Amino acid sequence: MSVVLPHPWNTDFEWQRRPVVPRRLGTAEIDRFHDEGWLVLDDLVEPDTIRALTDELDEIEGEVDELLRSLPDERMFIAEAGAITFSPHAVVSSAAARTVSRHPAIVDVCHDLLGPDVRLYWDQLVYKSPAKPRQFPWHQDNGYTFVEPQQYLTVWLALTDTTVDNGCPWVVPGCHTRGTLAHHYVDPLGHRCFATSDDAIAAPVRAGGAVVFSSLTPHMTGPNTTGTVRKAYILQYAPDGAEVLEGKAGDGPPTARVIQNDPSRQYAVLCNGEPVVSPS
Ligand SMILES: O=C(O)CCC(=O)C(=O)O
């Protein structure tokens, strides 16, 4: 990996670790998350729940795929039919997605790794098709949209068994403590903080398990070289009060700060340490 500069808005980042009485994770797992920036959690969500979620997400993805196929080059930004499709905010239309976003095991992981007051910040399905195999390049989630606090949590929930061959995540451990790194757009693949890393670790996970990592953990997914679609549902959780910084990073300071509390999709899942059972 060549020298990677910090993102221009990342001037005084310090990794935060709060004391916690854990609900789901062991202390060794919590230590490992803070040291390395990621964990694989097997069997987080039950098979029936994954099946119900996948049925609803498949319908949403079908519409996205149809839309992409109607466009020139069958693509929009980094989404391309036959390669990789994204659909944000499934919780707005899918009851199964809303249920999973408040799944007790996931909320307990948020409690253990983020704190007592947490909102869903973002959710999206990401399906990787084998027709046009491609890498999704190395990036930090906070390299796409700059959120403060920079340190939030991504739960990459596998809907199908994911392997190196079908495009499971890879991570670089330990970089998260530097805060957000500078990213560059590589067309048509996406924003990238570096091209390769000698420290990369593959994180295969079975359906119902999740790769849980920091918004500051560099990760990528490899090409899907199998005969079937790899399906994931990504849930991102942030401390209550998190803001998106708007503006163009190279052009000076942010032009606006936008609080992330849209009640239709950025609802609280933990309030004063207690799970919130319905959107508020
Ligand atoms: O699931 C994938 O293939 C990559 C998705 C990803 O890393 C992201 O959306 O940040």
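Anything mentioned here points back to the structure above.
Definitions and limits used
Residues numbered from 1 in each chain as written. Predicted model: local features only at pLDDT ≥ 70, side-chain atom pairs only at ≥ 80, totals over all residues. Heavy atoms only, no water. Buried < 20%, exposed > 50% of the residue type's maximum accessible area, 1.4 Å probe, protein only. Helix = DSSP H or I, 4+ residues; strand = E, 2+ residues; numbered from the N terminus. Pairing = 2+ DSSP bridges. Core = buried A, V, L, I, M, F, W, Y, C linked by side-chain atoms within 4.5 Å. Contact = heavy atoms within 4.5 Å.

### Here's the deal with helix H5 (residues 104-113)
Logical step 1: Among the ten residues in H5, nine count as buried, and that is most of the element.
Logical step 2: Residues of H5 that are buried: Ala105, Ile106, Val107, Asp108, Val109, Cys110, His111, Asp112 and Leu113.
Logical step 3: Count one or two residues on from H5 and you reach Gly115, which has phi positive near 140°.

### A closer look at the pairing of strand S15 (residues 230-239)
Here is the key point about a regular strand: its side chains alternate between the two faces of the sheet.
Logical step 1: Counted residue by residue, S15 has ten buried out of ten residues, so it is predominantly covered.
Logical step 2: One ladder, built from ten bridges, connects strand S5 (residues 118-128) with S15; its direction is antiparallel. Across the sheet, the residue bridging to Asp123 is Leu235, located in S15.
Logical step 3: As judged from the six bridges shared by strand S8 (residues 153-158) and S15, these two strands associate in the antiparallel manner. Across the sheet, Val155 pairs through a bridge with Leu235, a residue of S15.

### Details of the nonpolar core
Logical step 1: Grouped together as the largest cluster of nonpolar side chains are 42 residues, with contacts concentrated most on Leu44, Leu53, Leu57, Leu113, Tyr233 and Tyr237.
Logical step 2: If you tally residues by element for this core, the top one is H5, at six residues.
Logical step 3: Once you skip the residues sitting within four places of it in the chain, Leu57 turns out to touch Ala90, Leu125, Tyr127, Leu159 and Tyr233.
Logical step 4: In this structure, Val64, Ile78, Ala81 and Ile84 belong to the second largest nonpolar core, which totals 19 residues.

Nothing here speaks to function; it is all geometry.
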